[in-house]
Amino acid sequence: SLVSAVPEVRQRLRRLQTDFAAAPPSGRGAVIDGRDIGTVICPNATAKLFVTATVEERTRRRWRELDALGKGRPYEHLLEELKSRDARDAERPISPMKPAADAILLDTTELSIDAAVAAALAAVSGKFEA
């Protein structure tokens, strides 16, 4: 988040990401995740999801992930880090994190991974040719 706010880094990342989106390895499209994908990288995407969860839930998930890897850290420290990152990403002048006007908001706070995937698939169903 700190490095990606540097204008030269953002410019290079944007070029790499837009090139990838224009010609994904499969040749059939791609699912791309990022905090400015729907607004900056792929503003004309067929389907856009803005996936979110409360900062507390995202912290809990990260805490559990790190703990399972044996890299546990205090929840409170992770919470402050996520809050700071969110603020930096939302307030940066270049490519700020925000939902695209035509994005579908998907709040996963109360969803399991399987339920979140199902909700995402349901949200974009019918937007693509078979």
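Residues numbered from 1 in each chain as written. Predicted model: local features only at pLDDT ≥ 70, side-chain atom pairs only at ≥ 80, totals over all residues. Heavy atoms only, no water.

Caption draft 1: Broad picture of the pattern of salt bridges. Per the counting criterion, the structure on display carries 11 salt bridges. As a salt-bridge pair, K48 and D102 come within 2.9 Å of each other at their nearest N and O atoms. With K48 in the loop between α2 (37-41) and β1 (49-52) and D102 in the loop between α4 (75-91) and β2 (104-107), the pair connects residues that are 54 residues apart, well separated along the chain. Judged by relative accessible area, K48 falls into the buried class, the value being 8%. Measuring nitrogen to oxygen at the nearest pair gives 3.0 Å for the salt bridge that ties R61 to E57. Of the two residues, R61 and E57 both sit in helix α3 (residues 55-68), 4 residues apart, roughly one turn of that helix. Owing to a relative accessible area of 31%, R61 belongs among the partly exposed residues under this scheme. Here the salt bridges do not stand alone but share partners, grouping R35, R58, R85, D86, D89 and R92 into one network. (Salt bridge = Lys/Arg side-chain N within 4 Å of Asp/Glu carboxyl O. Helix = DSSP H or I, 4+ residues; strand = E, 2+ residues; numbered from the N terminus. Buried < 20%, exposed > 50% of the residue type's maximum accessible area, 1.4 Å probe, protein only.)

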